[in-house]
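As a plain string of letters, each chain reads:
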Amino acid sequence: QVQLVEAGGGLVQAGGSLRLSCAASGRTFSNYGMGWFRQAPGKEREFVAAITRSGGTTFYADSVKGRFTISRDNARDTVFLQMNSLKPVDTAVYYCAAVWGGEPGRREYEWDYWGQGTQVTVSS
């Protein structure tokens with residue numbers, strides 16, 4: 001089992017920044033691809049960003065490309081999501097996810113473990 005705990009959500013004005021973190025425990029962190037998804041009220045959970053085990057490759061949804069950056073620190077078993085130029089449409093619960101080995105996918109069913117989520121609210 002892998003336990004994931006997100007932190008860093010909150011309320012921010014449009015144009016502002018937030019940095020989310022996700023601390024992992026229970027297994028060897030560097031064996032897992034890591035990612036972020038989000039779910040806005042009344043909508044399905046959607047892919048935001050992912051990073052490979054080594055951190056050498058990243059993937060982004062078109063809606064956040066150029067504004068969000070995913071990174072990881074394998075020495076600290078932590079993955080980050082730096083969110084800049086935030087917009088009201090970015091308001092959602094953000095979830096951290098982990099997948100064993102391979103290349104991280106963009107669909108929920110491709111991921112093995114999930115955190116409880118952290119709320120991000122962007123005011124206009």
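Attention here is on the structure that accompanies the text. Every value quoted in this text rests on a predicted model; they were computed, and no experiment measured them. Positions within a chain are numbered from 1, following the residues in the order the chain's sequence is written. Two thresholds apply to this predicted model, a pLDDT of at least 70 for residue-level local features and 80 or more for giving and counting side-chain atom pairs, whereas whole-chain, interface and lining totals are computed over all residues. The side-chain figures draw on all heavy atoms in the structure; neither hydrogens nor water molecules are used.

### Structural notes on the pattern of salt bridges
Close approach of charged atoms allows side chains of opposite charge to pair. We apply this condition: In what follows, salt bridge is the name for a side-chain nitrogen of Lys or Arg lying within 4 Å of a carboxyl oxygen of Asp or Glu. A helix here means a DSSP run of H or I that spans at least four residues, while a strand means a run of E at least two residues long, and both kinds are numbered starting from the N terminus. For every residue, the accessible area (1.4 Å probe, protein chains only) is compared with the maximum for its type, and the residue is labelled buried under 20%, exposed over 50%, or partly exposed between those bounds.
Within this structure, the stated rule accounts for 6 salt bridges. Across the pair R45 and E108 runs a salt bridge, and its minimum N-O distance is 3.0 Å. Placement of the pair is R45 in the loop between strand 4 (32-39) and strand 5 (46-51) and E108 in the loop between strand 9 (92-100) and strand 10 (113-114), with a sequence separation of 63 residues. A salt bridge links D73 to R76, with the nearest nitrogen and oxygen atoms 3.8 Å apart. Looking at D73, the relative accessible area reads 24%, which means it is partly exposed. In the salt-bridge network here, residues are joined through shared partners; they are R38, E46, R67 and D90.

### Digging into the nonpolar core
Nonpolar side chains tend to gather and get buried jointly when the protein is soluble and globular. Put simply, the rule is: Think of a nonpolar core as a cluster: buried Ala, Val, Leu, Ile, Met, Phe, Trp, Tyr and Cys residues, connected wherever their side-chain atoms sit within 4.5 Å.
Core analysis: the biggest nonpolar cluster contains 37 residues, and M34, W36, V79, L81, M83 and Y94 have the highest contact counts within it. Counting only elements with at least two residues in this core, the list comes to strand 3 (18-25), strand 4, strand 5, strand 6 (58-60), strand 7 (68-73), strand 8 (78-83), strand 9 and strand 11 (118-123).

### Section: the packing of aromatic side chains
Each aromatic ring pair is specified by the distance between its two centres and by the angle formed by the two planes. Threshold: Each Phe, Tyr or Trp ring, with Trp reduced to its six-membered ring, pairs with another whose centre is within 6.5 Å; inter-plane angles below 30 degrees give stacked pairs, above 60 give edge-to-face pairs, and intermediate values give tilted ones.
Taken as a whole and judged by the stated rule, the model has 4 aromatic pairs. Measuring from centroid to centroid gives 6.2 Å for Y32 and Y113, while their planes differ by 65 degrees, and the two rings are edge-to-face. One end of the pair, Y32, is in strand 4; the other, Y113, is in strand 10, with 81 residues separating them in the sequence. Taking the centre distance of 5.6 Å and the plane angle of 80 degrees together, the rings of F37 and F47 count as edge-to-face. Of this pair, F37 sits in strand 4 while F47 is found in strand 5, placing the two residues 10 residues apart along the sequence. What makes F37 buried here is its relative accessible area of 1%. Judged by its relative accessible area of 8%, F47 falls in the buried class.

### A word on unusual backbone geometry
A positive phi angle, near 55 degrees, is found at D77, a position not held by glycine. A relative accessible area of 26% places D77 in the partly exposed class. One non-glycine residue, S85, adopts positive backbone phi at about 50 degrees. If you trace the backbone, S85 turns up in the loop between strand 8 and strand 9.

### Things to note about the pairing of strand 1 (residues 3-7)
Selection rule: The pairing criterion is simple: DSSP has to find at least two bridges between the two strands.
Burial of strand 1 is one-sided: the residues L4 and E6 facing one way are buried, the residues Q3, V5 and A7 facing the other way are not. Here 5 bridges tie strand 1 to strand 3, and the two strands are oriented antiparallel to one another. Across the sheet, the residue bridging to E6 is C22, located in strand 3.

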